[in-house]
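# Summary of structural features
Residue strings, one per chain:
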Amino acid sequence: MPALRIGIELASLRLPFKKALHTAAEWGADAVEIDARGEIRPQQLSRTGLREVRKTLDDFRLRVSAVSFRTRRGYDTPADLEPRIAGTKAAMELAYQLGATVVVNHVGRVPTDEESDAWRLLVEVLDELGRHGNRVGALLAAETGTESGEDLARLLAALPEGAIAVDLNPANLLVNGFSPREAVDVLGPAILHVHATDAFRELGTGRGTRVSLGEGAGDFPALLGALEQHDYRGYFTVAHPTADDPLRAVADAIGYLRRI
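So, here is what we can say about the structure in this document.

Parameters and conventions
- Residues numbered from 1 in each chain as written.
- Predicted model: local features only at pLDDT ≥ 70, side-chain atom pairs only at ≥ 80, totals over all residues.
- Heavy atoms only, no water.
- Helix = DSSP H or I, 4+ residues; strand = E, 2+ residues; numbered from the N terminus.
- Rg over C-alpha atoms; globule rule 2.2 N^0.38 Å.
- Buried < 20%, exposed > 50% of the residue type's maximum accessible area, 1.4 Å probe, protein only.
- Contact = heavy atoms within 4.5 Å.
- Areas by Shrake-Rupley, 256 points an atom, 1.4 Å probe, with all protein chains shown as cover.
- Lys, Arg positive; Asp, Glu negative; His and termini not counted.
- Charge placed at Lys NZ, Arg CZ, Asp CG, Glu CD.
- Expected span 1.5 Å × (residues − 1).
- Axes fitted to C-alpha atoms, helices over the stretch in contact; angles between N-to-C directions.
- Parallel < 35°, antiparallel > 145°, perpendicular 65-115°, else oblique.
- Left-handed = near helix turned anticlockwise from the far one by under 90°.
- Nonpolar A, V, L, I, M, F, W, Y, C, P; charged D, E, K, R; others polar.
- Salt bridge = Lys/Arg side-chain N within 4 Å of Asp/Glu carboxyl O.
- Pairing = 2+ DSSP bridges.
- Core = buried A, V, L, I, M, F, W, Y, C linked by side-chain atoms within 4.5 Å.
- Polar contact = N/O pair within 3.5 Å; in protein donor to acceptor, adjacent residues only side chain to side chain.

## Topic: the overall build of the chain
Secondary structure summary: the chain contains 10 helices and 10 strands in total. Radius of gyration (C-alpha) of the chain: 18 Å, near the 18 Å computed for a compact globule of 260 residues. Considered along the principal axes of its C-alpha atoms, the chain spans approximately 50 × 50 × 35 Å. Each of the 260 residues in the chain was classed as buried or not, and the buried ones make up 53%. When contacts within the chain are restricted to residue pairs at least 6 apart in sequence, long-range pairs at least 24 apart make up 77% of them. Carbon and sulfur atoms make up 48% of the accessible area of the chain, which amounts to about 12300 Å² in all. A gap of 7 Å separates the mean positions of the 30 positive and 37 negative side-chain charges of the chain.

## Here's the deal with helix H10 (residues 246–259)
Here H10 spans 20 Å end to end across 14 residues, near enough to the 20 Å set by a 1.5 Å rise per residue. All buried positions along H10 are accounted for by Pro246, Ala249, Val250, Ala253, Ile254, Gly255, Tyr256 and Leu257. Elements that come into contact with the buried residues of H10 comprise strand S1 (5–9), helix H1 (10–13), strand S7 (191–196), helix H9 (220–229) and strand S10 (235–238).

## Some details on the packing of helix H4 (residues 81–97) against helix H5 (residues 117–136)
Relative orientation of the contacting elements H4 and H5 amounts to 25°, with a least axis distance of 10 Å. The angle between H4 and H5 falls in the class roughly parallel. The handedness of the crossing between H4 and H5 is right-handed. Contacts from Leu81, Ile85, Thr88, Lys89, Met92, Glu93 and Tyr96 in H4 reach Leu121, Val125, Glu128, Leu129, His132, Gly133 and Val136 in H5. Looking at side-chain class alone, the contact of H4 with H5 contains eight nonpolar, three polar and three charged residues.

## Section: the pattern of salt bridges
Applying the stated criterion across every chain, the model contains 13 salt bridges. The salt bridge involving Arg70 is made with Glu33; its shortest N-O contact spans 3.5 Å. Here Arg70 is found in the loop between strand S3 (63–68) and H4, whereas its partner Glu33 is found in strand S2 (residues 31–35), with 37 residues between them in sequence. When its relative accessible area of 25% is taken as the criterion, Arg70 is described as partly exposed.

## Describing the pairing of strand S5 (residues 139–143)
Of all five residues making up S5, five are buried, and the element is well covered by its neighbours. Residues Leu139, Ala141 and Glu143 of S5 are buried on one face, and the alternating residues Leu140 and Ala142, pointing to the opposite face, are buried as well. Sheet analysis places strand S4 (residues 102–105) next to S5, joined by four bridges and oriented parallel. Within S5, the position partnered with Val104 by the bridge is Ala141. Here S5 pairs with strand S6 (residues 165–168) via three bridges, running parallel.

## Some words on the nonpolar core
Ranked by internal contacts, the top residues of the largest apolar core, which has 72 residues, are Tyr75, Leu126, Leu140, Leu155, Ile191 and Phe220. Per-element accounting of this core gives the leading share, eight residues, to H5. Listed in part, the six residues of the second largest apolar core include Ala66, Val102, Leu139 and Ala141.

## Details of the environment of Val194
Residue placement: Val194 occurs in strand S7. Excluding residues within four positions of it along the chain, Val194 makes contact with Asp167, Leu168, Phe220, Leu227, Tyr232, Tyr235, Phe236 and Thr237.

## Topic: the side chain of His193
Locating His193 in the fold gives a position in strand S7. Taking relative accessible area as the criterion, His193 reaches 0% and is therefore assigned buried. Within the structure, His193 has its side chain in polar contact with the side chain of Thr237 (distance 2.7 Å). Setting aside residues up to four positions removed in sequence, His193 forms contacts with Glu33, Ser65, Ala66, Val102, Val104, Val166, Asp167, Leu168, Tyr232, Tyr235 and Thr237.

This is the structure we're talking about:
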């Protein structure tokens, strides 16, 4: 298996932007995930500012594994949908300008009824975003978790091939009672980015808890093997946004990945 390309979700470090980049470089990360709703906002970034960001990344010898643009509502919700679409398109353009090909967001609940208005709206919006992403060179990657891999695959099948991609987030799936391995099996070719996360779900209460990588039910070595079967060559971006000690949690996760 080729050496893993490791990224760090900068938001998980809870540090100022340049300090976070410095930390990622010190830890030997290959890339970082940038939050387009927090750390860098496309609408507020001038050409000079963009050049400065790219130079800083080059100085630290870091690439961008993904740009995140996580919205409170999905693309299945009509309220304030147009600004959400416009913001996503701007994030796609920013991703391309920073050398990334993936923008991560939850797409919304996948309706069970494929004749419903919610289903038609979701497919219509994702088709529009897919056409834009293919024009600018960065695709929207639907972050797993709110539905099973099988349901997300059903949505992808309703879209033109290559319209959107998938961001595999094992912890999200586990917290919601779904299997990351089954998600890889049905979504494998569409997975363009992976978040290196872990969690477990208590059998008695059904409560999901996010934990450090390697301490949950994710079975990351098995996931790596399953991804290898689909020739996955993207980044594994470490993220633990709820950790009490984020720096230690991220550093431990990087160490864990390097020992696999």
